[in-house]
Amino acid sequence: MKIGMTLEGGAMRGMYTAGALDVFLEAGIAVDAMVGVSAGALFGVNFLSRQSGRVIRYNKRFNPDRNYMGLLPLLREGNIVDTRYAYQAVPYTLDPFDDDQFRASGVPFYAVVTDMATGEPEYIRIWSVFAQMDVLRASGSMPFVSRPVTIGGKQYLDGGISDSIPFRWLGEQGCEKQMVILTRDSTYRKTPMPAGTVKLAYRKYPRLAGRLLRRHIAYNQALEELKTWEKAGKAFVLRPSCPIEIGRIEKRPEKLQAVYDLGRADARQCLPALKEYLT
């Protein structure tokens with residue numbers, strides 16, 4: 001039976017996912033395929049590189065640096081996160097990512113991106129994090145505060161715009177059972193974005209704007225469908241046991257650590273049930 005793992009995004013709420021993944025890694029949980037969206041993609045690759053603790057470590061170290069994330073990078077280059085700092089200096093030198101181990105895992109990992117022209121999702125397999133860093137950067141390029149990433153002549157933004165929780169797509173790839181890690185608690189429902197802001201910001205991309213304006217509907221429908229998958233035994237869902245109160249560009253190490261610790265605690269609590277589900 002083919003086992004898959006789907007990772008929702010959510011910017012720094014992804015610390016929850018990082019904590020849960022570290023527990024699963026330490027417990028020897030294995031999967032046959034993974035798909036991640038935005039922070040789910042950026043942090044999820046560390047599961048296959050087997051680098052427990054790396055995500056919380058480098059975020060606590062670098063997020064407080066005003067040159068790494070925040071207003072300065074936004075004014076300087078149009079991105080809320082400095083591109084060279086975050087996608088070159090950190091993974092190559094300051095806190096190296098083990099791309100050799102990632103590639104040696106043999107597990108297909110897909111990052112979701114959104115085509116700005118069509119508004120449609122694309123699911124791109126990451127063979128090498130270093131060789132395809134732009135794909136991961138595109139998946140995590142949040143609307144309104146990020147420049148589009150150009151790949152193969154097309155412009156892309158955050159995969160969460162078009163498919164925030166891609167469990168259905170992973171199921172279509174033959175995964176009969178899935179682990180799904182969400183970054184919102186069970187009470188959460190997404191609300192509409194301000195229409196005027198969306199239409200003004202993306203007036204040259206009407207299909208992308210349409211996706212953004214309908215995103216709350218698609219997201220909430222996905223949550224309802226995911227519940228039916230749970231009842232049918234097609235998915236094992238891990239959700240935060242309480243609402244996560246953290247900024248999208250959270251800089252405070254203690255807040256990052258608290259969300260990471262919540263992910264670890266919830267994952268440890270569900271481990272017996274998860275192992276039973278997988279076997």
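Residues numbered from 1 in each chain as written. Predicted model: local features only at pLDDT ≥ 70, side-chain atom pairs only at ≥ 80, totals over all residues. Heavy atoms only, no water.

Re the pairing of strand β7 (residues 177-181)
Where burial is concerned, most of β7 is hidden: five out of the five residues are buried. Judged by which residues are buried, β7 turns out to be covered on both faces: Lys177, Met179 and Ile181 on one side and Gln178 and Val180 on the other are all buried. Relative to β7, strand β1 (residues 3-7) runs parallel, the two being bridged by five bridges. Residue Ile3 lies in a different strand from β7, and its bridge partner there is Lys177. (Buried < 20%, exposed > 50% of the residue type's maximum accessible area, 1.4 Å probe, protein only. Helix = DSSP H or I, 4+ residues; strand = E, 2+ residues; numbered from the N terminus. Pairing = 2+ DSSP bridges.)

Some thoughts on the packing of aromatic side chains
Counted by the stated rule, this structure contains 13 aromatic pairs. On the numbers, 4.9 Å between centres and 80° between planes, the contact of Tyr68 with Tyr85 is edge-to-face. Linking Tyr68 in the loop between α3 (54-62) and α4 (71-77) with Tyr85 in helix α5 (residues 83-94), this pair joins segments that are 17 residues apart in sequence. Both rings, one in Tyr110 and one in Trp169, keep their centres 4.9 Å apart while their planes meet at 70°; by these two values the pair is edge-to-face. (Phe/Tyr/Trp six-rings, centres within 6.5 Å; stacked < 30°, edge-to-face > 60°.)

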